[in-house]
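Residues per chain, in single letters:
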Amino acid sequence: MGKGNMNEQENAMIRIHVMGKTYQVPAGLTIMDAMEYSGYRFIRGAGCRSGFCGACSTIYRREEDYRLQFALACQEMAEDGMYLVQLPFTPAPRSKYNLEEIDPSENVLLQYYPEIARCVSCNTCTKACPQDIEVMDYVQAALRGDIARTAALSFDCIQCGLCTMRCPADIKHYHMAQMARRIYGRYLSPVPNHLEERLCEIEEGVYDNELGKLMAMNKEELGIAYAARIREEAK
Amino acid sequence: MDGLTYFPGCSLKEEAKEFEISAMAVMKALGLPLIEFERWNCCGTVFSLTEDDLMHQLATIRNLIRVQENGSEEIVTLCSMCYNTLKRSSLFVNRDKERLEKINAFMDREQAYEGKVEVRHLLEVLRDRIGWDKVEEAMTHSLEGLSVAPYYGCMLLRPREVGIDDPDNPTIMQDLIEALWATPVEFPFQTECCGSYQVVDRRELIVERTHRILSSARRSGADVVITSCPLCQYNLQKTQSELKETIPTFEEMPVIYFTQLMAVALEVDSGELPSPLLAGLAIEEGVGNGER
Amino acid sequence: MARNGLEIIEGLLEKVEELSGQNVFACYQCGMCSAGCPLTDEMDLLPNQVIRGLQLRDWRTMESNAMWICASCFSCQVRCPKGVDLARLMEAMRQIYLRQQLDHVSIDDMTPEQISKLPQIALVASFRKKTG
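Residues numbered from 1 in each chain as written. Chains lettered and ligands numbered in written order. Predicted model: local features only at pLDDT ≥ 70, side-chain atom pairs only at ≥ 80, totals over all residues. Heavy atoms only, no water.

A.B. asks: Teacher, can you tell me more about the nonpolar core here?
C.D. replies: The nonpolar side chains of soluble globular proteins are, as a tendency, buried together. In terms of nonpolar packing, the biggest core is built from 189 residues, with B:M27, B:L122, B:L126, B:L180 and B:F258 touching the most fellow members. Ranked by the residues each element gives to this core, the list is headed by helix 7 (residues 86-98) of chain C, at nine residues. Dropping the residues within four chain positions of it, B:L180 is found in contact with B:V135, B:M139, B:S142, B:L143, B:E144, B:L261, B:M262, B:A265 and B:L266. Grouped together as the second largest cluster of nonpolar side chains are 26 residues, A:I14, A:M32, A:L84 and A:L162 included. (Core = buried A, V, L, I, M, F, W, Y, C linked by side-chain atoms within 4.5 Å. Buried < 20%, exposed > 50% of the residue type's maximum accessible area, 1.4 Å probe, protein only. Helix = DSSP H or I, 4+ residues; strand = E, 2+ residues; numbered from the N terminus. Contact = heavy atoms within 4.5 Å.)

A.B. asks: How should I be thinking about the pattern of salt bridges in this particular structure?
C.D. replies: Oppositely charged side chains are able to pair whenever their charged atoms sit close together. Per the counting criterion, the structure on display carries 40 salt bridges over all chains. We note a salt bridge from B:E204 to B:R202, for which the minimum N-O separation is 2.8 Å. For B:E204, a relative accessible area of 47% gives the class partly exposed. One network of salt bridges, in which partners are shared, links B:E51, B:D96, B:R99, C:D85 and C:R88. (Salt bridge = Lys/Arg side-chain N within 4 Å of Asp/Glu carboxyl O.)

A.B. asks: Explain the side chain of C:K130 to me, please; I cannot follow it from the model alone.
C.D. replies: Relative to the assigned elements, C:K130 resides in helix 9 (residues 120-130). Separated by 3.0 Å, the side chains of C:K130 and B:D201 make a polar contact. Setting aside anything within four residues of it in sequence, one finds C:K130 in contact with B:Y197, B:Q198, B:D201, C:W68, C:L98, C:D103, C:H104 and C:V105. (Polar contact = N/O pair within 3.5 Å; in protein donor to acceptor, adjacent residues only side chain to side chain.)

A.B. asks: So what exactly am I meant to see when it comes to the layout of surface pockets here?
C.D. replies: Empty space among the atoms becomes apparent when a probe as large as a water molecule is rolled across them. Quantified by volume, the largest pocket comes out at close to 680 Å³. Considering the residues around the largest pocket, the lining is formed by 28 residues, among which A:R118, A:P168, A:D170, C:T131 and C:G132 are closest to the centre. At the level of secondary structure, the elements contributing two or more residues to the lining of the largest pocket comprise helix 7 and helix 9 of chain C. The calculated volume of the second largest pocket comes to roughly 340 Å³. If you go around the second largest pocket, the residues you meet are A:Y66, A:R67, A:L68, A:Q69, A:F70, A:T124, A:K127, A:R166, B:F106, B:D108 and B:R109. Elements represented by at least two residues in the lining of the second largest pocket include exactly strand 4 (69-72) and helix 4 (124-128) of chain A. Of the residues assigned to the lining of the second largest pocket, the class counts are four nonpolar, two polar and five charged. (1 Å grid on protein atoms, 1.4 Å probe; cavity = no way out; pocket = protein on both sides within 12 Å on 5 of 7 lines; lining within 4 Å. Points joined across faces, edges and corners; volume = space filled by probe spheres on them. Nonpolar A, V, L, I, M, F, W, Y, C, P; charged D, E, K, R; others polar.)

A.B. asks: Honestly, the interface of chain A and chain C in this entry has me stumped. Any pointers?
C.D. replies: The parts lose accessible area when they come together, and the size of an interface is often stated as this lost area. Contacts between chain A and chain C engage twelve residues on the former and twelve residues on the latter. Interface area for chain A against chain C, summed over the two sides, is near 1100 Å², with a carbon-plus-sulfur share of 62%. At the junction of chain A with chain C, the criterion picks out zero salt bridges. Counting across the chain A and chain C interface gives three residue pairs in polar contact (both at pLDDT 80 or more). When the residues that make up the side of chain A that touches chain C are grouped by side-chain class, the tally is seven nonpolar, two polar and three charged. (Buried area = accessible area lost by both parts, 1.4 Å probe.)

A.B. asks: What should I look at first to understand the environment of B:A59 in this one?
C.D. replies: Residue position: B:A59 is located in helix 2 (residues 58-69). Here B:A59 falls in the buried class, since its relative accessible area comes to 0%. The contacts of B:A59, once residues within four sequence positions are left out, are A:V120, A:S121, B:N41, B:C42, B:C43 and C:R128.

A.B. asks: I keep staring at the sheet that holds strand 3 (residues 57-61) of chain A and nothing clicks. Help me out?
C.D. replies: Remark on secondary structure: sheet strands pair via backbone hydrogen bonds, oriented parallel or antiparallel. Residue and element names in this part refer to chain A. On the basis of which strands lie adjacent, the open sheet formed by five strands has the order 2-1-5-3-4 and mixed pairing. Two strands bound the open sheet, and with one partner strand each, they are strand 2 (21-26) and strand 4. Recorded for the sheet is a direction-independent mean angle of 35° between the axes of neighbouring strands. (Pairing = 2+ DSSP bridges. Axes fitted to C-alpha atoms, helices over the stretch in contact; angles between N-to-C directions.)

A.B. asks: Explain the interface of chain C and chain B here, please?
C.D. replies: Of the residues lining the interface, 40 residues belong to chain C; the matching set on chain B comes to 44 residues. With both sides pooled, the region where chain C packs onto chain B buries about 3600 Å², and carbon together with sulfur makes up 59% of that total. The largest contributions to the chain C side of the interface with chain B come from C:R88, C:I121 and C:R128, which together make up 19% of the buried area. Counting across the chain C and chain B interface gives five salt bridges. Measuring nitrogen to oxygen at the nearest pair gives 2.4 Å for the salt bridge that ties C:D41 to B:R212. Inspection of the chain C/chain B interface yields 18 residue pairs in polar contact (both at pLDDT 80 or more).

A.B. asks: What is the right way to read the sheet that holds strand 7 (residues 224-227) of chain B from this model?
C.D. replies: All names here are of chain B. Pairing in this open sheet of four strands is parallel, and the strands run 6-5-7-8 from one edge to the other. Looking at the sheet topology across the chains shown, the edges are occupied by strand 6 (183-184) and strand 8 (255-257). With three bridges connecting them, strand 5 (residues 147-150) and strand 7 associate as parallel partners. If you follow A149 over to strand 7, its bridge partner there is V225.

A.B. asks: Sorry, what's going on with the packing of helix 2 of chain B against helix 3 (residues 80-95) of chain B here?
C.D. replies: To describe two helices that pack against each other, one gives the angle between their axes and the distance between the axes. Residue and element names in this part refer to chain B. Close contact between helix 2 and helix 3 brings their axes to 9 Å; oriented N to C, the two are set at 90°. Overall, the two elements helix 2 and helix 3 adopt an arrangement that is roughly perpendicular. Here T60, I61, N63 and L64 of helix 2 lie close against helix 3, whose contacting residues are T85, L86, S89, S90 and V93. (Parallel < 35°, antiparallel > 145°, perpendicular 65-115°, else oblique.)

A.B. asks: Which parts of the structure should I look at to understand a nonpolar patch on the surface?
C.D. replies: Together, A:L195, A:L199 and A:I202 line one region of the surface with nonpolar side chains, adding up to about 280 Å² of accessible area. Tracing the sequence through the fold places A:L199 in helix 9 (residues 193-203). (Patch = residues over 30% accessible without salt bridge, like charges linked within 9 Å, V, L, I, M, F, W, Y side chains within 5 Å. Areas by Shrake-Rupley, 256 points an atom, 1.4 Å probe, with all protein chains shown as cover.)

Okay, structure coming up:
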């Protein structure tokens with residue numbers, strides 16, 4: 001990008017509409033920054049500002065678009081003519097369960113989140129997901145008792161709640177999927193034997209001698225040892 | 001593609017595993033294997049009966065779109081409820097292109113459904129494409145001496161426009177039973193509803209239905225009842241222990257899937273069978289339940 | 001459709017016909033539907049009485065339990081000599097409640113233990129027929 005362009009972009013202003021009022025904000029801001037520039041202050045509904053915490057779910061509409069759009073306010077760039085509003089929170093109760101006591105049978109997700117049986121496969125949840133998760137597919141996997149698939153498909157979920165806000169069947173997708181991942185981790189994922197063995201070895205003191213040597217090294221010696229470490233061949 | 005595009009439905013992955021296991025084994029033995037297509041979803045189990053409701057057609061039409069994406073123009077189901085819902089939905093949109101256009105416009109991330117997918121039940125395939133004589137030829141363990149009552153229930157036969165046989169006097173399962181050299185037992189309740197989803201909030205009503213239906217089958221001389229519906233099978237099988245508590249004289253009756261009966265006769269994997277039945281079939285436990 | 005007053009009774013028949021696509025007045029009360037229905041023991045109105053009630057715009061029809069006992073088995077539908085699809089009328093009556101968020105089955109009151117005994121095919125069907 002040339003220097004002239006940079007200046008042009010810095011000076012350019014765009015219009016955003018927030019709750020019926022139009023504001024002029026500089027181009028190149030995220031939705032969250034643009035709203036803050038306009039004077040809104042986020043006490044809730046903002047968190048990491050890096051697209052990971054899922055606190056800043058937002059809905060917007062472009063002037064010439066019949067569709068409502070969904071995003072994270074800290075990630076999506078504000079555009080000229082956007083209608084913006086922040087969702088502070090999606091009311092969605094979580095079912096109470098004790099992971100150690102539940103029976104990880106195939107219909108366990110249905111037991112704690114029976115409303116998944118109301119899914120009409122409209123796919124509205126998937127369209128709302130800012131993480132591009134196939135949300136409906138994991139709800140369907142959950143309905144047929146495939147916990148592993150539910151866990152795998154929902155892995156990138158950041159619990160923003162947009163799917164749940166949009167669902168015509170009142171499903172609490174993200175809580176249900178979290179339960180699936182917990183059950184998967186606790187009961188279904190393969191146990192890494194080598195890790196357990198290594199932990200035992202560490203407890204038994206097999207590596208105490210080696211660790212002691214490392215602890216005694218100064219920075220220079222550590223650097224040399226690091227450079228000379230055994231590496232796995234790149235495949 | 002050598003095989004049938006197969007829609008399992010949710011129950012066949014959980015409650016009704018035996019149905020899928022036995023059907024897969026049987027169809028492989030008959031040279032027309034069932035091939036599950038990618039990314040299917042729950043059919044919704046019951047067809048929506050209101051004129052203005054397109055929302056509840058999405059699940060079924062989405063499945064037909066997946067079949068179309070798969071390059072197939074036919075879909076075969078085992079579950080009677082899936083069959084009924086998918087079939088009625090396909091007729092519903094084919095009769096009124098405006099409905100189809102609306103549904104296609106709503107599902108804007110998917111291919112438009114072209115209305116060409118035929119929905120068939122496995123029993124139809126056995127009757128019309130394979131033929132009862134071929135089924136008989138494939139039999140290696142005759143079921144001679146076994147009296148089998150077919151329980152059709154509702155969804156295979158009604159309404160008439162989707163029924164795979166005559167709604168009042170169906171014979172398709174009788175013909176299957178005869179092909180396996182067993183004795184078909186007609187009984188007056190064979191097409192009467194088991195109470196269906198009322199089991200969720202009116203379980204006592206199902207227990208009562210089970211009593212009537214199975215007692216009638218017993219009086220007619222049946223050793224076993226066959227069905228093609230996971231909900232009928234659940235209702236009729238799983239409420240028997242409750243029934244015995246209130247009516248101790250009630251004689252238990254095994255209720256299995258028609259494909260399990262076929263699997264026994266073809267000596268392929270039948271899935272788990274109730275042990276009283278195994279004695280009646282004169283086969284040892286484990287013989288029908290082949291390698292998984 | 002509000003629940004009280006003459007207005008409802010006036011609108012009831014039209015609403016049911018609109019939702020079901022059926023002509024209620026095609027019925028001549030032969031009673032074949034009730035004779036074939038496997039669940040009449042539990043119903044406080046017989047299926048043919050439900051249609052009669054609709055013909056008369058009688059609100060009490062909407063208070064009958066028949067629509068909730070009906071399992072959409074279509075026995076009545078295949079037997080009706082006049083081609084009236086009673087299963088659709090029952091569905092339309094259920095929908096009048098369900099579209100006002102008046103659920104007949106309460107999902108929140110179901111415990112995990114209860115659900116663990118039920119197959120999903122029953123739950124999906126029940127929720128479709130009895131929750132809005």
